[in-house]
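# Observations on chain architecture
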Amino acid sequence: MKLSVVSMAAAAGLLAGVVAPALAQDLPAAEAADEDPFRPLYPLIGRAWRGSSVGPNTVEDVVRWEWAVGGHAVRAVHSVNNGLYGGETLIFPDRDSGHLIFHYFTSGGFHTTGQMSVTPEGVIEINETVHGIEGLERLRSTMMIADDGTYRTRGQVERDGAWVEFGGFDYRLDSRATVAGPDRAGEQAALASGSLMISRRLVANPGEPGDVAAYLRIDNSGATDALIGASCPCAERVELHRIDRSGERPDMVSDTRWEAGSEGRLDVRPGSDLHLMLIGFDSARAEAETVTLLLRFERAGEVAATFVLVPDSRSAWTRFD
C-alpha cells in the first residue's frame, strides 16, 4: 500500500504496520564500536526473520538482512503478507555524523531517509523522514534485540506537533522464511489469510467520482467461510450487491453474506451477478492506483487487501487467465 499499509492495510493501521518494519528493522542491540559502525547489526546479518504486528490488524513481515556493496553497506529486504507490500533498505555509515544512515525504497511509490544510533543501553533509535506521502513526514522508532533470538520494533508518528504511538513488530529467527517479491500494480500477488487465498482484486474506475464496482476471487482450502462485509476509506460505504433474476425484471439486492465453500471458490467477477459496490467512491483517495479494502469474513476475521484501479475490469480479469 503506498499504504494505506500498509497494512496501509486499512489506511493508517497498515501504514503503521508496513512502514514501521523497514525503517525500524534496521538494527540490533549491541554496543557501537568506533572501528566497526556495523557492529550493532551483527546479530541480524545473514539471517531471515518473521515478524507479527502489534495491534488490532494482523500483519506478517518477513525480513532478510545481508551484506551489500562488498561489505561497505548492509541491506534489509522485507515483504508484508506474502508480497502484498515490500521494500529494501540500504544502510551505510556517514563519515560526517558518525551515524548509520539509510535509504528505504518501497513498492508503495514512496521512500524514506533517516539515521540510526545506539543508546548506552543497547537500544537502537531510528529517526526517519517520509517522502511521497502527503500528511506524513516524520517517524521515529526503536529496535531492541533479546538473547533468545528475537527482536522487536516500536514506532511513533508525528501528528499535530506530538508523537503518537502506532505499534510495531515482534520478530523471530526463521531459517525457512523467504521474502516474497511484491508485484507491480496490475500484476498483483494473491493474498493469503488462513485457508483463504484472495486474488484478482480489481476496482472498475471510470475516472469520475460516483459508485463503482469491485471484484475478487476467493479460493478456500479449509472449512466453509463467508464474506460478510467490507469497507474502504475511499468510499462512503461498501455493499455486497447481487443481481436478482427471479422476477420478471432483474433487480439489484444487497446480500449479507457470500459463502466460500470448503475446498471451493467464490468468484465475484465482471459480468457475473455479484460485485462489491463502492458507494460514493473517491479516486482521489487512491495511492499509486490502488485502494485498500477491509474485508470481513465469518471465520478468517478482518483481512486488509489492496485492490488495483483499472479502466476495463473485464479485460483486467481475463489477463490473469
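Before any of the text, the structure's been laid out above.
The following paragraphs examine the structure supplied in this document. Since this is a predicted model, take the numbers as computed values, not measurements.

## Some points on the overall build of the protein chain
Secondary structure summary: the protein chain contains two helices and 21 strands in total. Taken across its 321 residues, the protein chain has 49% of its residues classed as buried. Accessible surface, the protein chain as shown: approximately 15100 Å² in total, 45% of it carbon and sulfur.

## Observations concerning the environment of Asp-61
Inspection of the secondary structure assignment puts Asp-61 in strand S2 (residues 60-68). As for Asp-61 and Ala-177, which are separated by 116 residues in sequence, their C-alpha atoms are 10.0 Å apart. Here the side chain of Asp-61 touches Tyr-171 through a polar contact of 2.7 Å, side chain to side chain.

## A look at the pairing of strand S15 (residues 237-244)
Of the pairings in the sheet, the one linking S15 to strand S19 (residues 274-281) comprises six bridges and is antiparallel in character. Within S19, the position partnered with Arg-242 by the bridge is Leu-274. Where S15 and strand S16 (residues 251-255) come together, five bridges link them in antiparallel fashion. Bridging from a neighbouring strand, Ile-243 pairs with Met-252 of S16. Counted between consecutive antiparallel strands, the loop separating S15 from S16 contains six residues.

## A closer look at the pattern of salt bridges
A side chain with one charge can pair with a side chain of the opposite charge if their charged atoms come near. Scanning the model with the defined rule gives 15 salt bridges in all. Between Glu-88 and Arg-75 there is a salt bridge; the shortest N-O distance is 3.8 Å. Of this pair, Glu-88 sits in strand S4 (residues 85-93) while Arg-75 sits in strand S3 (residues 73-80); the two residues are 13 residues apart in sequence, bridging distant segments of the chain. Classification of Glu-88 as partly exposed rests on a relative accessible area of 39%. The shortest N-O distance in the salt bridge between Asp-273 and Arg-245 comes to 2.9 Å. Of the two residues, Asp-273 sits in the loop between strand S18 (265-268) and S19 while Arg-245 sits in the loop between S15 and S16, which places them 28 residues apart along the sequence. One network of salt bridges, in which partners are shared, links Arg-50, Glu-60 and Asp-174.

## Describing the side chain of Glu-128
Here Glu-128 is to be found in strand S7 (residues 124-131). Arg-138 provides the closest opposite charge to the buried, salt-bridge-free Glu-128, at an N-O distance of 11 Å. Within polar-contact distance, the side chain of Glu-128 engages the side chain of Thr-112 at 2.3 Å.

Definitions and cut-offs
Residues numbered from 1 in each chain as written. Predicted model: local features only at pLDDT ≥ 70, side-chain atom pairs only at ≥ 80, totals over all residues. Heavy atoms only, no water. Helix = DSSP H or I, 4+ residues; strand = E, 2+ residues; numbered from the N terminus. Buried < 20%, exposed > 50% of the residue type's maximum accessible area, 1.4 Å probe, protein only. Areas by Shrake-Rupley, 256 points an atom, 1.4 Å probe, with all protein chains shown as cover. Polar contact = N/O pair within 3.5 Å; in protein donor to acceptor, adjacent residues only side chain to side chain. Pairing = 2+ DSSP bridges. Salt bridge = Lys/Arg side-chain N within 4 Å of Asp/Glu carboxyl O. Lys, Arg positive; Asp, Glu negative; His and termini not counted.

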